Amino acid sequence: MNLHEYQAKELLKKYNVPVQEGFACGSVHEVEEAYRQIKTQFGSSFAVIKAQIHAGGRGKGKIKETGVNGVKVAKSLEEISDYAKKILGGTLVTVQTGAAGRVVHKVFVAQDMYYEGSSDRKEFYLSILLDRARGQNVIMYSTEGGVNIEDVAHNTPEKIFKEWVHPSDGLQAFQARKIAFNLGLTGNAFKNCVKFVTNLYNAYLGLDCSMLEINPLFKAADDRIVAVDCKMNLDENALMRHADLSAMRDVTEEDPTEVEAGQYNLNFVKLDGNVGCMVNGAGLAMATMDMIKLSGGEPANFLDVGGTANAQTVEAGFKIILKDANVKAILINIFGGIVRCDRVAQGVIDAYNNLGNISIPIIVRLQGTNAEEAKKLIDESGLKVQSAILLSEAAELVKKAVA
């Protein structure tokens, strides 16, 4: 589950991780009030306003309607108010959102860490994630912060450092010191960085993150080490331990069909193809998508109804798939191990009748427990549903449907 910057920073503060202070705002009035508080608290007329969407590249991205960047620095109340009017409610397009962009519902108004005249300031990059190949968490860091880390990795890979953390040992003090040393820090900045890295790793573990990225990690003129920006992804499989974190989910940032699928406990991922598929089991779903491609089609989605598929889940799956105008055919591929094929077949028939006239071909391949009874139910239903027993038969029917 992705979090907004302002949400991630509030969580980091609970682990004593220094962050760029600010306020989440949903209106121009709130932005103006936040600016006044920042000016009073930090004694500077400079403040930064950041669009809050689940995508990177906000500083270089632009609001489609007004042409304003997603991150702007303001030096007066009038200026930040103008930026707020041009950002809030607009569609921010970045390299990660694609041409469609994302609507900005909130902005983060924060202290400007860069207004000081001193040149003794530096930006770094630091992230923590799981290295699946090693089975260990890895801390990636670089002296090149505030820029696209992908470009750094491509052009100057020697500037990317990695520190692996053994799961049974945890982050050791010497590793935190090594990170601060490789970043070229000394004195108080060195000590502050060691504390920062240690507390950040504790936050990563305590919050069950799957990824935690600080870019830039900022060294202020007074040697403070501060998280200026933060991207945080939480492991959804661990949210049962964090009811408070589940409440932070912003469904407006997610695909509506995926949100609806989640309400029915369906594992759904939207794709760009023309053949909708409904399958029970992730492995069979992957094989089904491969079969669709080999038949000349392109999968329009990944949809796993699980091992307890019934008429309600099948109907919900139908509705979700049919919302995609690109779908030219639907393939239902069910292996009856736990679930009985005849029950799924009846669910298909009931869903078809409840949804009314479905103009696109529907191919149903049922194999396993009561597969023959299921085929008979479909064949005798009088509906425009084609049944198959073998995967090769289903493939041939898909090929005809998308030809």
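This text follows the structure it describes.
This structure is a prediction, so every number in the text was calculated from the model and none was measured.

Glancing now at the side chain of Asp-229. Tracing the backbone through its elements, the reader meets Asp-229 in the loop between strand S13 (225-227) and strand S14 (230-234). Take Asp-229: its relative accessible area is 15%, and that puts it in the buried class. Polar contacts involving the side chain of Asp-229 include one to the side chain of Arg-58, which spans 3.1 Å. Discounting residues that sit within four places of it in the chain, Asp-229 has contacts with Glu-5, Lys-9, Arg-58, Glu-213, Ile-214, Asn-215 and Pro-216.

This next bit is on the packing of aromatic side chains. Inspection of the entire model under this criterion finds two aromatic pairs. Between Tyr-141 and Phe-161 the ring centres are 5.3 Å apart and the planes differ by 20 degrees, which places this aromatic pair in the stacked class. Taken as a pair, Tyr-141 in strand S10 (residues 136-142) and Phe-161 in strand S11 (residues 160-165) lie far apart in primary sequence, 20 residues in all. You can call Tyr-141 buried: its relative accessible area is 1%. Centroid distance Tyr-201 to Tyr-204: 6.1 Å. Interplanar angle 25 degrees. Geometry classified as stacked. Placement of the pair is Tyr-201 and Tyr-204 together in helix H6 (residues 187-206), with a separation of three residues, close to one helical turn. Given a relative accessible area of 3%, Tyr-201 falls into the buried group. Above the plane of the ring of Trp-164 lies Arg-134, whose end atom (NZ or CZ) is 3.6 Å from the centre.

Once that is clear, we can look at unusual backbone geometry. Between Asn-215 and Pro-216 the backbone carries a cis peptide bond, its omega angle lying at 10 degrees. Within the secondary structure, Pro-216 sits in strand S12 (residues 209-219). For Asp-208, which is not glycine, the phi dihedral falls at a positive 55 degrees. Topologically, Asp-208 is positioned in the loop between H6 and S12. On the basis of relative accessible area, Asp-208 is assigned to the buried category, the value being 16%. Although it is not a glycine, Asn-370 sits at a positive phi angle of roughly 60 degrees. Among the residues examined, Asn-370 registers a relative accessible area of 26% and is labelled partly exposed.

What follows covers the nonpolar core. Counting residues in hydrophobic clusters, the biggest one holds 40 residues, and the most contacted among them are Leu-12, Leu-126, Ile-139, Leu-200, Met-232 and Leu-234. Looking at this core, the elements that each hand over two or more residues are helix H1 (5-13), strand S9 (122-131), S10, helix H5 (173-182), H6, S12, S13 and S14. The biggest single contributor to this core is H6, with nine residues. Setting aside anything within four residues of it in sequence, one finds Leu-126 in contact with Ile-139, Met-140, Tyr-141, Ile-179, Val-197, Leu-200, Leu-212, Glu-213, Ile-214 and Leu-217. By size, the runner-up hydrophobic cluster in this structure holds 34 residues, among which are Ile-321, Ala-345, Val-348 and Ile-360.

Another aspect to go through is the pattern of salt bridges. Scanning the model with the defined rule gives 21 salt bridges in all. Between Glu-213 and Lys-231 there is a salt bridge, with the nearest N and O atoms lying 3.7 Å from each other. One end of the pair, Glu-213, is in strand S12; the other, Lys-231, is in strand S14, with 18 residues separating them in the sequence. Its relative accessible area of 29% is what places Lys-231 among the partly exposed residues.

Attention shifts here to the sheet that holds strand S7 (residues 102-103). Reading across from one edge, S4-S6-S7 is the order of the three strands in this open sheet, with antiparallel pairing throughout. The sheet terminates laterally at strand S4 (62-63) and S7, the two strands that pair on one side only.

What follows concerns the packing of helix H10 (residues 311-322) against helix H11 (residues 341-355). Remark: H10 packs on H11, axes separated minimally by 8 Å, with the N-to-C direction vectors making an angle of 50 degrees. In terms of orientation, H10 lies oblique with respect to H11. The handedness of the crossing between H10 and H11 comes out as right-handed. Together, Ala-311, Val-314, Glu-315, Phe-318, Lys-319 and Leu-322 of H10 and Val-344, Gly-347, Val-348, Asp-350, Ala-351, Asn-354 and Leu-355 of H11 make up the contact between the two elements.

Here we take up the packing of H5 against H6. Where H5 contacts H6, the two axes come as close as 8 Å, and the packing angle between them is 130 degrees. Of the possible angle classes, the one that applies to H5 and H6 is oblique. As for the relative orientation of H5 and H6, their crossing is right-handed in sense. Residues Ala-176, Arg-177, Ile-179, Ala-180 and Phe-181 of H5 lie in contact with H6, whose contacting residues are Phe-190, Cys-193, Val-194, Val-197 and Thr-198.

Parameters at a glance
- Residues numbered from 1 in each chain as written.
- Predicted model: local features only at pLDDT ≥ 70, side-chain atom pairs only at ≥ 80, totals over all residues.
- Heavy atoms only, no water.
- Helix = DSSP H or I, 4+ residues; strand = E, 2+ residues; numbered from the N terminus.
- Buried < 20%, exposed > 50% of the residue type's maximum accessible area, 1.4 Å probe, protein only.
- Polar contact = N/O pair within 3.5 Å; in protein donor to acceptor, adjacent residues only side chain to side chain.
- Contact = heavy atoms within 4.5 Å.
- Phe/Tyr/Trp six-rings, centres within 6.5 Å; stacked < 30°, edge-to-face > 60°.
- Lys NZ or Arg CZ within 6 Å of the ring centre and 35° of its normal.
- Core = buried A, V, L, I, M, F, W, Y, C linked by side-chain atoms within 4.5 Å.
- Salt bridge = Lys/Arg side-chain N within 4 Å of Asp/Glu carboxyl O.
- Pairing = 2+ DSSP bridges.
- Axes fitted to C-alpha atoms, helices over the stretch in contact; angles between N-to-C directions.
- Parallel < 35°, antiparallel > 145°, perpendicular 65-115°, else oblique.
- Left-handed = near helix turned anticlockwise from the far one by under 90°.

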